[in-house]
Amino acid sequence: MKKVLIIIPENNKGKFISKGFSAAFKKLSFFTYDMKIYDLNKDVINKIAPDIIFTFWTGIKEKNQIKQLFEEITVKPDFIHCAEYFEDIPDVFFEKKCHFTFYSNSKNKKNKYIQPVSASDYKSTFNGYRYSITFAGNPADKAREEILTELVRNFGVINIFCRSFDFYKSLDDITEQKLLDEYEVTLYKKSYKGYVDSTKELADIFVSSKVNIDIQNQNSKEINYRLLEITASGAFIIAPYSKVVIKQYDNGKDIETYRNIEELTDKIEFYLKNIGLAQLIALNGKKNTISNFSYYDKLKNILKGIYGKDFSSR
């Protein structure tokens with residue numbers, strides 16, 4: 001039985017994805033070790049003597065940590081690194097003979113990374129709606145601040161879940177740019193609902209929200225992980241329109257999309273009045289995500305691309 005060392009990064013998204021791949025490795029009959037990056041040293045890795053080291057999306061500090069580790073270890077595993085962008089991959093990987101990289105902005109289909117999601121991690125029971133309009137993510141971004149302030153201006157208090165540091169950074173930006181008047185700033189402050197750090201809590205929030213919104217660059221060439229999380233939860237989402245999204249999801253059937261702020265506010269108003277239709281779309285979206293974005297299937301494709309054989313029959 002081959003051994004796989006899964007390096008768990010510090011950020012929450014990286015943790016969720018790394019653990020999802022760990023479960024997929026186990027399902028394919030690999031023996032896995034899940035280790036936080038700062039718990040690792042050369043002696044630990046040499047003792048485990050993994051056949052494969054797998055890691056996802058490392059930050060700058062983590063990249064330096066990995067570089068040091070991989071320069072010191074004496075074992076010679078295969079290195080598999082999945083990343084959102086090519087720049088996230090530590091330089092040390094390119095110094096190794098047995099390195100394999102998969103990243104979403106790759107133009108080569110053989111090593112293009114397509115994000116998976118675990119439906120079981122986002123399993124939730126619907127117990128009624130607690131929220132009307134929900135945004136989960138870092139609001140401290142110009143495009144996001146413009147949209148969120150417009151939603152507050154049109155709908156009053158909404159629901160924003162994020163780190164307190166990020167929320168107050170966005171509040172400073174909004175105040176400095178005078179995007180809201182004094183009363184509207186009060187509504188924006190009331191929209192902050194705290195930070196959530198588990199998939200179960202996120203799923204409960206998504207499914208108990210009448211409308212979940214995603215805010216991303218509309219020219220993006222990848223499907224946002226937040227969209228996968230929300231649809232896996234069985235919740236309704238209005239996401240930015242993009243060719244890559246509508247290629248995978250039927251617009252108006254699996255999810256709803258918007259091209260500008262005006263269209264977003266119109267569609268939010270429509271679906272708040274037609275919640276039954278939103279529920280039907282959410283159900284279709286969940287089926288689509290479960291069928292096409294599992295860790296098991298994505299890992300099988302990655303391993304087949306590397307080793308040239310199907311691991312599903314192990």
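An account of the accompanying structure is given in this report. (Residues numbered from 1 in each chain as written. Predicted model: local features only at pLDDT ≥ 70, side-chain atom pairs only at ≥ 80, totals over all residues. Heavy atoms only, no water.)

Right, let's get into the overall build of the protein. Looking only at helices and strands, the protein has twelve helices and ten strands in total. A compact globule built from 314 residues would reach a C-alpha radius of gyration of about 20 Å, and the protein, at 21 Å, matches this within 12%. Principal axes of the C-alpha set define a box for the protein whose edges measure 60 × 40 × 35 Å. Sorting the 314 residues of the protein into buried and exposed places 51% on the buried side. Once local pairs closer than 6 in sequence are excluded, the contacts in the protein between residues at least 24 apart make up 71%. Here the protein has roughly 15,500 Å² of accessible surface; of this, 49% comes from carbon and sulfur atoms. Of the charged side chains in the protein, 48 are positive and 41 negative, and the gap between their average positions amounts to 7 Å. (Helix = DSSP H or I, 4+ residues; strand = E, 2+ residues; numbered from the N terminus. Rg over C-alpha atoms; globule rule 2.2 N^0.38 Å. Buried < 20%, exposed > 50% of the residue type's maximum accessible area, 1.4 Å probe, protein only. Contact = heavy atoms within 4.5 Å. Areas by Shrake-Rupley, 256 points an atom, 1.4 Å probe, with all protein chains shown as cover. Lys, Arg positive; Asp, Glu negative; His and termini not counted. Charge placed at Lys NZ, Arg CZ, Asp CG, Glu CD.)

Across the sheet, five strands lie side by side as β2-β1-β3-β4-β5; this open sheet has parallel pairing. The open sheet has two edge strands, β2 (31-36) and β5 (99-103), and neither has a second partner. Between one strand axis and the next, the sheet turns by 20° as a mean value, whatever way the strands run. Looking at chain direction, strand β4 (residues 78-83) and β5 are connected through five bridges and run parallel. Its bridge partner lying in β5, F79 is registered against H99. Strands in contact with helix α1 (residues 12-27) are β1 (3-8), β2 and β3 (52-56); relative to β1, the strand with the most contacts, it is inclined by about 170°. (Pairing = 2+ DSSP bridges. Axes fitted to C-alpha atoms, helices over the stretch in contact; angles between N-to-C directions.)

Another aspect to go through is a nonpolar patch on the surface. Taken together, F270, L277, L280 and L283 make up a surface patch of nonpolar side chains, about 350 Å² in accessible area. The greatest single-element share of the nonpolar patch, amounting to three residues, is contributed by helix α11 (residues 275-292). Assignment of secondary structure puts F270 in helix α10 (residues 261-273). (Patch = residues over 30% accessible without salt bridge, like charges linked within 9 Å, V, L, I, M, F, W, Y side chains within 5 Å. Salt bridge = Lys/Arg side-chain N within 4 Å of Asp/Glu carboxyl O.)

Before going further, it helps to spend a moment on the packing of helix α8 (residues 225-232) against α11. For the pair α8 and α11, interaxial distance at closest approach is 8 Å and the crossing angle is 115°. Between α8 and α11 lies a crossing of left-handed hand. Of the residues in α11, those touching α8 at L228, T231 and A232 are G285, K286 and T289. By residue class, the composition of the contact of α8 with α11 is two nonpolar, three polar and one charged. (Left-handed = near helix turned anticlockwise from the far one by under 90°. Nonpolar A, V, L, I, M, F, W, Y, C, P; charged D, E, K, R; others polar.)

In this section: the sheet that holds strand β9 (residues 237-240). If you walk across this open sheet you meet the five strands as β7-β6-β8-β9-β10, and the pairing is parallel. Each end of this open sheet is capped by a strand with a single partner; those strands are β7 (159-161) and β10 (256-258). Neighbouring strand axes in the sheet, compared pairwise and without regard to direction, differ in orientation by 25° on average.

Let us look at the packing of aromatic side chains. Scanning all chains against the criterion turns up 17 aromatic pairs. Look at F100 and Y307: their rings are 6.4 Å apart centre to centre, the planes differ by 50°, and that puts the pair in the tilted class. Pair noted here: F100 is in strand β5 and Y307 is in helix α12 (residues 295-307), with a separation of 207 residues, a long-range link. Judged by relative accessible area, which is 24%, F100 ranks as partly exposed. (Phe/Tyr/Trp six-rings, centres within 6.5 Å; stacked < 30°, edge-to-face > 60°.)

Once that is clear, we can look at the pairing of β9. Pairing geometry for strand β8 (residues 209-213) and β9, over two bridges, is parallel. Bridge pairing in β9 places I213 opposite I238. Of the strand pairs in this sheet, β9 and β10 are connected by three bridges, and their pairing is parallel. Bridge pairing links A239 to T257 in β10. In this region the chain leaves β9, passes through helix α9 (residues 243-248) and returns to the parallel neighbour β10; the handedness of that crossover is right-handed. (Right-handed = clockwise from strand over helix to strand, strands pointing away.)

Turning our eyes to something else, we now look at the pairing of β3. Along a regular strand, successive side chains alternate from one face of the sheet to the other. In terms of burial, β3 is a largely internal element, five of the five residues being buried. Burial along β3 is two-sided: the face carrying I52, F54 and F56 and the face carrying I53 and T55 are both buried. As paired strands, β1 and β3 are joined by four bridges and run parallel to one another. By the bridge assignment, V4 is partnered in β3 with I52. Pairing analysis gives five bridges linking β3 to β4, with the strands arranged parallel. Residue T55 lies in a different strand from β4, and its bridge partner there is H81.

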